[in-house]
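Residue-level listing of the chains:
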Amino acid sequence: MKQVVLWLLTATIIIFSPITFSKYSPEVQLAKVYTEQKPVDHYLVSEKYDGVRAVWDGESLKTRSGNIIHAPKWFTAVLPNRWLDGELWAGYNNFSFVSSLVRRKVPNHENWQQVHYLIFDAPDPQLSFEQRFGKYQRIVNGLHSVHIKPIPQYQFSTKAELDAFFNQVLARGGEGVILHEKNASHRAGRTAQVLKYKPIFDAEAIVIAHVPGKGKYQGMMGSITVKTMEGVTFNIGTGFSDEQRQSPPPIGSTITFQYQGFTKYGKPRFASFLRIRSQI
């Protein structure tokens, strides 16, 4: 395993076209599932942190849906006047802790002390990801901040090397890895240029119906009917607490679910409810 050597920058000054934010949501990249689409050496690989996605637009911190994150001023004071993309992370198995902070309009300064902003991109339409990696690492290291850190990227030659790194990540409590195509420019939306490699996959779907429960779930929700972004409809009946069954995800809300591959009919296998994405 070798950490990628940063590109040396020339003295030539290039003026790039700005990347703009819509009024409601940043133009973020979303990962597809890794299925060995290309040889491993086409990618830079990093750990996938189970935090809250956070985009810095040069003035404010936002969720990927465009909602303002009310972080303490000291937390964002050192950030530069340019777009950075990353994860708010407070250690392994601490997603709920971070998401609760993000939802607060008045920041809890003591709890924010436990959060790191881990940067994995400095989006620029004129640069490949390999060049952007060099750029964001240089920018973030120049901040000399204890809570803002660049995520390292690694390069592997074989699937065996990738799997060895993948297993190291899982062994320390991580949830998987992310593969960025080295030569790809930034493209908003879900793209095969960014892939997630996890033992259990997750995806998003929209709740379209509630199915009444039976037996011990009589009078509560038994399952929900959802529709994926690809138009696949199916039911999810596991992963809910009794409290969630009494107050199920609203129809029209977007949920995240886990699954283990697909059935022969193209539906997620062993789908299980994880969380309501619209809550963060």
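A short tour of the structure in this document, coming up.

Procedures and definitions
Residues numbered from 1 in each chain as written. Predicted model: local features only at pLDDT ≥ 70, side-chain atom pairs only at ≥ 80, totals over all residues. Heavy atoms only, no water. Helix = DSSP H or I, 4+ residues; strand = E, 2+ residues; numbered from the N terminus. Expected span 1.5 Å × (residues − 1). Buried < 20%, exposed > 50% of the residue type's maximum accessible area, 1.4 Å probe, protein only. Core = buried A, V, L, I, M, F, W, Y, C linked by side-chain atoms within 4.5 Å. Contact = heavy atoms within 4.5 Å. Pairing = 2+ DSSP bridges. Axes fitted to C-alpha atoms, helices over the stretch in contact; angles between N-to-C directions.

### Concerning helix α4 (residues 129-141)
When the terminal C-alpha atoms of α4 are compared, their 18 Å separation across 13 residues agrees well with the 18 Å that a helix rising 1.5 Å per residue should span. Those residues of α4 lying buried are Phe 129, Glu 130, Arg 132, Phe 133, Gly 134, Lys 135, Tyr 136, Gln 137, Ile 139 and Val 140.

### Remarks on the nonpolar core
Grouped together as the largest cluster of nonpolar side chains are 32 residues, with contacts concentrated most on Leu 61, Leu 88, Trp 112 and Tyr 117. Of all the secondary structure elements, the ones that give two or more residues to this core are β4 (52-56), β6 (84-89), α2 (95-103), β7 (116-121) and α4. Ignoring anything within four residues of it in the chain, the contact list for Leu 88 reads Gly 51, Val 52, Ala 54, Leu 61, Ile 69, Phe 75, Val 98, Val 102, Trp 112, Val 115, His 116 and Tyr 117. Core analysis: the next-biggest nonpolar cluster, separate from the first, contains 16 residues, Ala 205, Val 207, Met 221 and Ile 236 among them.

### Some points on the side chain of Arg 82
Looking at the secondary structure, you find Arg 82 in the loop between α1 (73-76) and β6. Ignoring anything within four residues of it in the chain, the contact list for Arg 82 reads Trp 56, Asp 57, Gly 58, Ala 122, Pro 123, Lys 135 and Ile 139.

### What to know about the environment of Val 140
By the secondary structure assignment, Val 140 is in helix α4. Between the alpha carbons of Val 140 and Pro 80 there is a distance of 8.9 Å; along the sequence they are 60 residues apart. Contact partners of Val 140, with chain neighbours within four places excluded, come to Ile 119, Ile 148, Lys 149 and Pro 150.

### Digging into the sheet that holds β4
The mixed open sheet is built from 5 strands, whose spatial order is β5-β4-β6-β7-β8. With partners counted over all chains shown, the strands left at the sheet margins are β5 (61-62) and β8 (148-150), one partner each. Relative to β6, β4 runs antiparallel, the two sharing 5 bridges. Looking across to β6, one finds that Val 55 is bridged to Asp 85. On the sheet, α2 packs against β4 and β6 and is oriented at approximately 45 degrees with respect to β4. Sheet contacts for α4: β7 and β8; angle to β7, the most-contacted strand, approximately 150 degrees.

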